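# Structural overview for review
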Amino acid sequence: MNKNSETEFIPFHRPYFDEDEISEVTDTIKSGWWTMGPKTQKFEEEFRKYIGSEYAVSTSSWTTGAHLVLEALGLKPGDEVIVPAITFTASAEVVCYFNAKPVIVDVDIDTLNISPEEIKKHITSKTRAIIAVHYAGLPCEMDLIRAIAKNHNLFILEDAAHALPAWLNGEKIGKLGDAVCFSFYATKTLSAGEGGMICTNNEKIAQRCKLMRLHGINKDAWKRYDNDGDWFYEVTAPGYKYNLTDIQSALALAQLKKLEMMWTKRKIIAERYNEGVKDNCFVKTPAIVKNRESAYHLYTIQIELERLKINRAQFINELKNRGIGTSVHFIPLYRHSFYREKFSLSPDNFPVSENIFNRIISLPIWPGMNDTQIERVINNVNEVSKIFKK
Ligand SMILES: *Cc1c(COP(=O)(O)O)cnc(C)c1O
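Residues numbered from 1 in each chain as written. Predicted model: local features only at pLDDT ≥ 70, side-chain atom pairs only at ≥ 80, totals over all residues. Heavy atoms only, no water.

## Quick word on the packing of aromatic side chains
- Tallying each qualifying case throughout the model produces 15 aromatic pairs.
- Aromatic side chains Trp 167 and Trp 263 sit 5.0 Å apart centroid to centroid with 65° between the ring planes, which places their arrangement in the edge-to-face category. Of the two residues, Trp 167 is situated in strand β6 (residues 167–168) and Trp 263 in helix α9 (residues 259–276); the sequence distance between them amounts to 96 residues.
- Note on Trp 167: relative accessible area 16%, which makes it buried.
- The structure contains a cluster of three or more aromatic residues connected by ring pairs, namely Phe 43, Phe 47, Phe 182 and Phe 184.
- It is Lys 172 that lies over the ring of Tyr 50; its NZ or CZ is 3.6 Å from the centre.
- Above the ring of Phe 357, the side-chain terminus of Arg 312 is found at 4.6 Å from the ring centroid. (Phe/Tyr/Trp six-rings, centres within 6.5 Å; stacked < 30°, edge-to-face > 60°. Helix = DSSP H or I, 4+ residues; strand = E, 2+ residues; numbered from the N terminus. Buried < 20%, exposed > 50% of the residue type's maximum accessible area, 1.4 Å probe, protein only. Lys NZ or Arg CZ within 6 Å of the ring centre and 35° of its normal.)

Written as structure tokens, this is what we have:
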């Protein structure tokens, strides 16, 4: 055990890897094929099989993947897309790329996921799609959301940046949506530093995303520099440069092998946190919902402000002074100047999100955390609550 294990700073996140990641990347470097190529193809196929979707198209990030999906959908200026208030800006900014309007709606008070009731309230004749964010990795109420989408002929893009792996009624997230985007950003549950994946069962969407991912070139463009590759290619659309590289795919392949092992480790940490603070009436733990299995990407507590002498920022500071790194997921979209000003939003329109925002703190939950670190997080959350109770 580390000699400073009682005082050493516990970061909010630390990536988990071993020799496998190193040897996969080394292998790729030595192969001489560094950008999109055989490893990326292999990763796409293994990811597709793991999820169980018909198609999997890798991208340089969640953001570029979602851009491709909305392009394939044919989103037009003036169209509306419903997005939850508590999410990362990427979920909404991709809508703005098209001069379409992200219609930001309030979330469910227990799960922090998009509220199906709020979706219904905000549907207009211009609504084209819903972006359903599986917050912290807990699946949204997809049964209800799908029924609403079907009734109004809306497309569902699932933001599964947190939901790898996660299950709804025993089915893995990623194989049932119109399109589901994953992120392999540095802090996510499978990381390639940067990267993303689009999973879909819709052949047209998959083909269009594949085409537009690499300059709109009408065949497997990455093969053009291979031995048996052909110099001839044709550009059929003004595409993008949104591909993953083989160096990233090498990392991702190694990470995919340990995905469920890392998930089990996070789940154990979440269960220990639940148990460790269950007698602490100053913090509320994340919702547990029947038939929904979280990815445990985030462990977000809500502090009971009414019973404490300090606010959320001070609570975070107290934890920091005790060596615990935390974060806030997320500053609601309507609080950012761009969305607030462009769409004339006010916190008053989002009573649930606003209430939740002032209470949320995400605690460290990464697979490599040891027992001492887990205990220290619990003890310090309990200690700060006790010292600053009203
Ligand atoms: C991280 C994140 C994204 C963006 O992912 P990138 O791969 O960085 O583009 C989108 N949505 C949510 C909810 C995220 O947490």
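## Overview of the sheet that holds strand β11 (residues 292–293)
- If you trace the three strands from one edge of the open sheet to the other, you get β7-β6-β11, paired in antiparallel fashion. In the strand order of this sheet, the two ends are held by β7 (171–172) and β11, each with one partner. (Pairing = 2+ DSSP bridges.)

## Remarks on the packing of helix α2 (residues 38–51) against helix α8 (residues 246–257)
- Taken N-terminus to C-terminus, the directions of α2 and α8 make an angle of 35°; their axes are 8 Å apart at the nearest point. As α2 runs across α8, the sense of the crossing is left-handed. Facing α2, whose interface residues are Pro 38, Lys 39, Thr 40, Lys 42, Phe 43, Glu 46, Phe 47 and Tyr 50, α8 presents Asp 246, Ser 249, Ala 250, Ala 252, Leu 253 and Leu 256.
- Of the residues belonging to the contact of α2 with α8, the class tally is eight nonpolar, two polar and four charged. (Axes fitted to C-alpha atoms, helices over the stretch in contact; angles between N-to-C directions. Left-handed = near helix turned anticlockwise from the far one by under 90°. Contact = heavy atoms within 4.5 Å. Nonpolar A, V, L, I, M, F, W, Y, C, P; charged D, E, K, R; others polar.)

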